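Residue-level structural notes
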Amino acid sequence: MSSQGNVGIILRFRDDTKIYVVVRVTENGPAAKSGEVVENDVLLAVAGKPVNGLSLADVNALLDGPVDSFVRLKLQREDAAFDCRLKRGDPNEWKLKKDAKKPNAVKETFKAPEKITDRMRAERLANGDQYRAVNKRVREHDAGKLSPRSLEAERARVRQEHDAAQRKADA
């Protein structure tokens, strides 16, 4: 178990108004369990210290602390300011509890979008044209304009062209 914990809120500093806003309450975190903190709440102070003029890193440092210790937050919702006392928790435990809810849970990892190269774009276009040609032939077959034997021959020809294009692209 890690010794550092937090309250499970994600903040964003709004440049236009110079305030910290709760943009997300982490599922299974202390803030979510308490029900006192919701998205779009404005953070005014942490442990009695006003957050105006502090960097996001400094505010997060105030929110972080030993697991099972308490921190008092002063928040504002609409026009009303209020205090809440939250017990810091271990973020690793929240993730495990969240994953445990899913049967056969697999940890989701961020996958960067693949870079589409000119070669890939050309392959996609070529494949699309080939499949459109086959689909056209299938429709002709269904309409009785094409015999089953010629349809199979057309599919075989398209497969061969596709395989040849793949070999050429790989070379």
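An account of the accompanying structure is given in this report. (Residues numbered from 1 in each chain as written. Predicted model: local features only at pLDDT ≥ 70, side-chain atom pairs only at ≥ 80, totals over all residues. Heavy atoms only, no water.)

Our next topic: the overall build of the protein chain. Helix and strand counts for the protein chain stand at 5 helices and 8 strands. Listed N to C, the secondary structure of the protein chain is β-β-β-α-β-β-α-β-β-β-α-α-α in terms of helices and strands. Across the 171 residues that make up the protein chain, the buried fraction comes to 27%. Taking all contacts inside the protein chain whose residues are at least 6 apart in sequence as the whole, residues at least 24 apart take part in 51%. When the accessible area of the protein chain is evaluated, it comes to approximately 12000 Å², of which 51% is carbon and sulfur surface. (Helix = DSSP H or I, 4+ residues; strand = E, 2+ residues; numbered from the N terminus. Buried < 20%, exposed > 50% of the residue type's maximum accessible area, 1.4 Å probe, protein only. Contact = heavy atoms within 4.5 Å. Areas by Shrake-Rupley, 256 points an atom, 1.4 Å probe, with all protein chains shown as cover.)

Before going further, it helps to spend a moment on the environment of Leu62. Among the secondary structure elements, Leu62 is positioned in helix H2 (residues 56–63). The contacts of Leu62, once residues within four sequence positions are left out, are Val46, Lys49, Leu54, Val71 and Arg88.

Below, the discussion takes up the side chain of Arg88. Take Arg88: it is sitting in the loop between strand E8 (80–87) and helix H3 (91–101). Here Arg88 sits buried without a salt bridge, and the closest side chain of opposite charge, Asp64, lies 6.2 Å off (N-O distance). A polar atom in the side chain of Arg88 sits 3.1 Å from the backbone oxygen of Leu62. (Lys, Arg positive; Asp, Glu negative; His and termini not counted. Salt bridge = Lys/Arg side-chain N within 4 Å of Asp/Glu carboxyl O. Polar contact = N/O pair within 3.5 Å; in protein donor to acceptor, adjacent residues only side chain to side chain.)

Our focus in this paragraph is the nonpolar core. Side chains that are nonpolar tend, in soluble globular proteins, to be buried together. Of all hydrophobic cores here, the largest spans 19 residues; its most connected members are Ile9, Val37, Leu43, Val59, Leu63 and Leu73. Of all the elements in the fold, those that place two or more residues in this core are strand E2 (9–14), strand E3 (19–25), strand E4 (42–46), H2, strand E7 (70–77) and E8. (Core = buried A, V, L, I, M, F, W, Y, C linked by side-chain atoms within 4.5 Å.)

Quick look at the pairing of E2 now. Note that E2 and E3 share 6 bridges and pair antiparallel. What sits directly across from Arg14, in E3, is Ile19. (Pairing = 2+ DSSP bridges.)

Right, let's get into unusual backbone geometry. The phi angle at Ala47 is positive, at roughly 55°, despite the residue not being glycine. Tracing the chain through its elements places Ala47 in the loop between E4 and strand E5 (49–50). Using a relative accessible area of 57% as the deciding quantity, one classes Ala47 as exposed. Even without a glycine there, the phi angle at Glu78 is positive, about 55°. Relative to the assigned elements, Glu78 resides in the loop between E7 and E8.

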